[in-house]
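Secondary and tertiary structure notes
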Amino acid sequence: RHLSSLPVHMDGSCNGLQHYAAIGRDREGGTAVNLCAGDRPQDVYVGVMEEVVRRVADDASCALPPEPSREELRRSRSARLVDGLIDRGVVKRTVMTSVYGVTFVGARSQIQEKLMDKLAERGVDVDDAEDEIHAASAYVARVTMEVMGEQFQGARDTMSWLAQSARAMCERGQPVAWITPMGLPVVQPYRQSRGYEVTTLWQTVTLLSSAEDLPVNAQRQATAFPPNFVHSLDSCHMMLTALEMERRGLTFTAVHDSFWTHPADVDEMNVVLRECFVDLYSQPILEDLKRTWELRYPDVDFPPLPEKGSLNLEEVLDAPYFFQ
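Residues numbered from 1 in each chain as written. Predicted model: local features only at pLDDT ≥ 70, side-chain atom pairs only at ≥ 80, totals over all residues. Heavy atoms only, no water.

Comments concerning helix α8 (residues 153-170)
Under the convention used in this document: By the criteria applied, helices consist of DSSP H or I runs no shorter than four residues and strands consist of E runs no shorter than two, each listed in order from the N terminus. By definition here, a helix of n residues has an expected span of 1.5 Å times n minus one. Burial classes: relative accessible area under 20% of the type maximum marks a residue as buried, over 50% as exposed, and values in between as partly exposed (1.4 Å probe, protein chains only). In this analysis, two residues are considered to be in contact whenever any of their non-hydrogen atoms come within 4.5 Å of each other.
With 18 residues, α8 extends 26 Å from end C-alpha to end C-alpha; this agrees with the ideal 26 Å at 1.5 Å per step. Those residues of α8 that sit buried are Gly154, Ala155, Thr158, Met159, Trp161, Leu162, Ala163, Ser165, Ala166, Ala168, Met169 and Cys170. Looking at the packing, one finds that the buried side of α8 touches α1 (15-24), α5 (88-98), α9 (218-247) and α11 (285-296).

Re the pattern of salt bridges
For clarity, the cut-off: Think of a salt bridge as a Lys or Arg side-chain nitrogen and an Asp or Glu carboxyl oxygen that are within 4 Å of each other.
Going through the model one piece at a time under the given rule, you end up with 19 salt bridges. Among the ionic pairs, glutamate 294 bridges to lysine 290, the shortest N-O distance being 2.6 Å. On the criterion of helical spacing, the pair formed by glutamate 294 and lysine 290 is a turn pair, its members being four residues apart in helix α11. By relative accessible area, lysine 290 is classed as buried at 16%.

Some details on the environment of tryptophan 178
Applied cut-off: Within 3.5 Å is the distance limit for a polar contact, defined as a pair of N or O atoms, with the added protein rule that one can donate a hydrogen and the other accept it, and that residues adjacent in sequence qualify only through two side-chain atoms.
Topologically, tryptophan 178 is positioned in strand β2 (residues 177-179). With 157 residues separating them along the chain, tryptophan 178 and alanine 21 place their C-alpha atoms 20 Å apart. Within the local environment of tryptophan 178, its side chain forms a polar contact with the side chain of serine 232, the two groups lying 3.2 Å apart.

Topic: the side chain of glutamine 112
Inspection of the secondary structure puts glutamine 112 in helix α6 (residues 104-121). Judged by its relative accessible area of 14%, glutamine 112 falls in the buried class. A polar contact of 3.4 Å, which involves the side chain of glutamine 112, links it to the side chain of histidine 134. Sequence-distant contacts of glutamine 112, that is, excluding residues within four places in its chain, are made with Ile133, His134 and Ser137.

Let's talk about the packing of aromatic side chains
For clarity, the threshold we go by: Only Phe, Tyr and Trp rings are paired, with Trp represented by its six-membered ring, and only when their centres lie within 6.5 Å; those with planes under 30 degrees apart are stacked, over 60 edge-to-face, the remainder tilted.
By the definition in use, this model includes 11 aromatic pairs. Judged by centre distance (5.4 Å) and plane angle (80 degrees), the ring pair of phenylalanine 252 and phenylalanine 259 falls under edge-to-face. Residue class for phenylalanine 252 comes out buried when judged on its relative accessible area of 18%. A relative accessible area of 1% places phenylalanine 259 in the buried class. Pairwise contacts between aromatic rings join Trp161, Trp178, Phe225, Phe229, Trp293 and Phe302 into one cluster.

Here we look at the sheet that holds strand β1 (residues 8-11)
This is how the line gets drawn: Whether two strands pair comes down to DSSP finding at least two bridges between them. Axis definition: a line fit to C-alpha positions, over the contact stretch in the case of helices; interaxial angles, taken between N-to-C directions, run 0 to 180 degrees.
On the basis of which strands lie adjacent, the open sheet formed by three strands has the order β1-β7-β6 and antiparallel pairing. Unpaired on one side and paired on the other, β1 and β6 (253-255) mark the two borders of the sheet. Put simply, the sheet's adjacent strands are angled 25 degrees from each other on average, direction ignored. Sheet analysis places β6 next to strand β7 (residues 258-261), joined by three bridges and oriented antiparallel. In the sheet register, threonine 253 faces β7, and the bridge partner there is tryptophan 260.

Written as structure tokens, this is what we have:
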């Protein structure tokens with residue numbers, strides 16, 4: 001025996017996707033992010049990478065028709081440039097941020113940074129090849145997002161429903177608001193900015209106001225809502241775990257999806273965080289959300305809820321790599 005006060009942390013496995021898989025009972029997506037029991041941990045980044053690598057190799061080796069279109073030429077050239085360069089690191093940031101609303105431009109920028117480093121290591125003059133690298137990065141970003149949409153269809157359906165619902169409220173001039181499962185009211189603050197000038201003896205300064213009497217920024221409201229909503233849910237999971245650990249008299253701290261306790265209590269923390277996750281998503285999260293909106297905005301026609309999959313949440317209790 002040894003007295004130790006060192007913290008031991010357990011991290012979620014692509015935690016945003018774990019929450020989306022639980023909301024939609026997405027078995028395929030849930031398996032990829034370790035919501036289900038398995039002999040070894042699943043690496044979602046490797047799973048996406050392998051499919052991207054396969055598609056890039058197919059495009060690179062595919063013979064062009066006698067008179068290829070501009071798009072076919074661009075796709076073939078991009079594939080040949082990056083064939084053999086795609087690894088886990090190239091796609092990781094895009095996969096990780098996809099559930100938090102990364103745009104195509106953002107994904108392209110993330111991937112371009114990695115590809116430029118790899119091409120430079122091969123002796124390619126990245127400055128001279130900037131246009132080709134830019135096009136190739138857009139190609140890889142597009143393929144990566146296509147693969148993500150196919151492998152995590154449940155997450156995409158839920159994200160789409162949340163964004164459509166947000167737009168429906170914004171059409172009535174209302175900001176998106178909801179109440180978390182722990183009872184915390186949330187209102188998104190995004191409104192259209194209005195500039196005004198302040199003139200002094202020395203200069204004129206233009207300031208921006210986003211006061212509550214200004215019209216809502218519908219685009220930002222819609223794009224920000226899915227990631228904000230999921231963040232509100234993962235914070236609920238963290239708080240529920242913290243409260244239960246306190247009730248049991250155990251030390252606990254956390255940073256987002258990294259949960260910490262002392263070595264002697266790690267096994268019990270693992271039980272607690274799984275039970276709290278199952279309890280949280282045993283609630284009708286989306287059904288309650290839609291019902292509160294319909295009561296508040298009776299004149300808004302909200303889209304139907306996405307269909308749920310076959311994932312059994314109780315499997316999380318026995319999933320050894322859910323947090324690891």
